Amino acid sequence: MELSGRVVVVTGGTRGVGAGIARSFAEAGAEVVVCARRPPEVPLPKARFAPLDVRDADAVRHFFAALPRLDVLVNNAGGAPYRLLADAGPERHLRVLELNLLAPLAVSLAAHEHLRRTRGSIVMIGSVSGGRPSPGTAAYGAAKAGLENLARSMAVEWAPDVRVNTLVVGMVRTERSQLHYGDEEGIAAVSRSVPLGRLAEPSDVGAAAVFLASDAAAYISGASLLVHGGGERPAFLDAASVNKET
């Protein structure tokens, strides 16, 4: 999966999953540009930083117009705080939808002409939250469900020039994992709920993104690749009173 000579833009690529994706593309030989509102606290080797708020449509258009070339776009920027629906007004939930759904649409539209010329690809970073109830992050889950559908529609509309796929990502261990899962004991307990016995590393997501962007995936478009370690064990299996060892 050699990507030498290809230019890759990773939104939200300065930390966490985004930084892992950027590192993976750089290791594959690509020229990597990471964009976010603030520069990375730890410089990313072989990656160039460009300041960009993906929610600013004019700034997004100017950013991509200034690029001489683009082969791969990774729409990674996103996220949401824990917030029960009734605990906040609609404006706060709309901002979550804007960042996680409307911004990737605007970024993809701005990048489209570049990608059409290079017959490039888009990798959307989705979430398992888009396919199951997401109490506390309902707007985020709804946005990720929409993002996956958007990617499938783009894959049809922009074929055969541009491939579009989604990585449906589960729980990932990053520098901010404690905000979601607690201390090391909490992270270990959550890890035991994953069939593969651990949280993903950012490099796991990065390797999958490189695959989807590479020639090895030349016939894959409109697909959703699960990167979740086997998913979640159904709760009813532990609650049932039959088929249990004594």
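Quick note: structure is the one above.
Residues numbered from 1 in each chain as written. Predicted model: local features only at pLDDT ≥ 70, side-chain atom pairs only at ≥ 80, totals over all residues. Heavy atoms only, no water.

**Q** Explain the overall build of the chain to me, please; I cannot follow it from the model alone.
**A** Per the secondary structure count, the chain includes 8 helices and 7 strands. For 246 residues, the compact-globule estimate of 2.2 N^0.38 gives 18 Å, and the chain sits close to it at 18 Å. Along the three orthogonal principal directions, the C-alpha set of the chain runs to about 65 × 40 × 40 Å. Counting the 246 residues in the chain, one finds 44% classified as buried. Split by element, the accessible area of the chain, about 12900 Å² in all, is 55% carbon and sulfur. The positive charge centre, built from 26 side chains, and the negative charge centre, built from 25, are 2 Å apart in the chain. (Helix = DSSP H or I, 4+ residues; strand = E, 2+ residues; numbered from the N terminus. Rg over C-alpha atoms; globule rule 2.2 N^0.38 Å. Buried < 20%, exposed > 50% of the residue type's maximum accessible area, 1.4 Å probe, protein only. Areas by Shrake-Rupley, 256 points an atom, 1.4 Å probe, with all protein chains shown as cover. Lys, Arg positive; Asp, Glu negative; His and termini not counted. Charge placed at Lys NZ, Arg CZ, Asp CG, Glu CD.)

**Q** Sorry if this is basic, but what is going on with the pattern of salt bridges here?
**A** Pairs can form between side chains of opposite charge whenever their charged atoms are close. Evaluation of the coordinates by the stated rule reveals 12 salt bridges. For Glu 184, the salt bridge is made with Arg 173, and the minimal N-O distance between the two is 2.5 Å. One end of the pair, Glu 184, is in helix H6 (residues 184-191); the other, Arg 173, is in the loop between strand E6 (163-169) and helix H5 (177-181), and 11 residues separate them in sequence. Look at Arg 173 and you get partly exposed, because its relative accessible area is 31%. Ionic contacts of the salt-bridge type, sharing partners, join the residues Glu 113, Arg 116 and Arg 117 into one network. (Salt bridge = Lys/Arg side-chain N within 4 Å of Asp/Glu carboxyl O.)

**Q** What am I meant to see in the side chain of Ser 191 here?
**A** In this fold, Ser 191 is placed in helix H6. For Ser 191, the side chain forms a polar contact with the main-chain oxygen of Ile 187, separated by 2.8 Å. Beyond its immediate stretch of four places on either side in the chain, Ser 191 contacts Gly 197, Arg 198 and Leu 199. (Polar contact = N/O pair within 3.5 Å; in protein donor to acceptor, adjacent residues only side chain to side chain. Contact = heavy atoms within 4.5 Å.)

**Q** Which parts of the structure should I look at to understand the nonpolar core?
**A** By size, the foremost hydrophobic cluster in this structure holds 29 residues, and its most contacted members are Ile 21, Phe 25, Val 32, Val 74, Leu 167 and Val 205. Those elements that place two or more of their residues in this core are strand E1 (7-11), helix H1 (16-27), strand E2 (31-36), strand E4 (72-75), strand E5 (121-127), E6 and helix H7 (202-213). With residues near it in sequence (within four places) discarded, Phe 25 still touches Leu 3, Val 8, Ala 30, Val 32, Val 72, Val 74, Ala 209, Val 210 and Ala 213. Membership of the second largest hydrophobic core comes to 28 residues, among which are Leu 70, Met 124, Leu 147 and Ala 155. (Core = buried A, V, L, I, M, F, W, Y, C linked by side-chain atoms within 4.5 Å.)

**Q** For this particular structure, what's the right way to read the sheet that holds E1?
**A** In any sheet, the strands associate via hydrogen bonds between backbone groups, in a parallel or an antiparallel arrangement. Read from one edge to the other, the open sheet built from 7 strands follows the order E3-E2-E1-E4-E5-E6-E7, with strand pairing classed as parallel. Strand pairing shows two members of the sheet lacking a second neighbour, strand E3 (47-51) and strand E7 (224-227), which therefore form its edges. The sheet shows a mean angle of 20° between the axes of neighbouring strands, direction not considered. In this sheet, E4 lies alongside E1 in parallel orientation, the contact comprising 3 bridges. Its bridge partner lying in E4, Val 9 is registered against Leu 73. Set on the sheet, helix H3 (residues 90-118) makes contact with E1, E4 and E5; between it and E4 the angle comes to about 175°. (Pairing = 2+ DSSP bridges. Axes fitted to C-alpha atoms, helices over the stretch in contact; angles between N-to-C directions.)

**Q** Explain H6 here, please?
**A** Note that an α-helix has 3.6 residues per turn; residues three or four places apart therefore point the same way. Within the sequence span of H6, burial applies to Gly 186, Ile 187 and Ser 191. Within H6, the buried residues cover an arc of 140° as seen down the axis, which keeps them to one side. Measuring from the backbone nitrogen of Glu 185 back to the side-chain oxygen at the start of H6 gives 3.2 Å, which picks out Asp 183 as the cap. (Arc of directions from axis to C-beta.)

**Q** In this structure, what is going on with the environment of Pro 195? I would like to understand it.
**A** Within the secondary structure, Pro 195 sits in the loop between H6 and H7. As for Pro 195 and Gly 229, which are separated by 34 residues in sequence, their C-alpha atoms are 6.2 Å apart.

**Q** Where do I start with empty space enclosed by the protein in this structure?
**A** Going through the model one piece at a time under the given rule, you end up with 2 cavities of 30 Å³ or more. When its volume is computed, the largest cavity comes out at roughly 60 Å³. Looking at the largest cavity, the residues that line it are Ala 80, Pro 81, Arg 83, Leu 85, His 93, Val 96, Gly 136, Thr 137, Ala 138, Ala 139 and Tyr 140. Among the secondary structure elements, those contributing two or more residues to the lining of the largest cavity are H3 and helix H4 (138-157). Here the lining of the largest cavity takes 3 residues from H4, the largest share from any one element. Grouping the constituent residues of the lining of the largest cavity by class yields 7 nonpolar, 3 polar and 1 charged. Taken as a whole, the second largest cavity spans an internal volume of roughly 30 Å³. (1 Å grid on protein atoms, 1.4 Å probe; cavity = no way out; pocket = protein on both sides within 12 Å on 5 of 7 lines; lining within 4 Å. Points joined across faces, edges and corners; volume = space filled by probe spheres on them. Nonpolar A, V, L, I, M, F, W, Y, C, P; charged D, E, K, R; others polar.)

**Q** Just checking my understanding: could you explain the environment of Ala 80 for this structure?
**A** Relative to the helices and strands, Ala 80 is located in the loop between E4 and H3. Between the C-alpha atoms of Ala 80 and Val 96, which are 16 residues apart in sequence, the distance is 6.2 Å. Excluding its chain neighbours within four sequence positions, the residues that come into contact with Ala 80 are Val 96 and Tyr 140.

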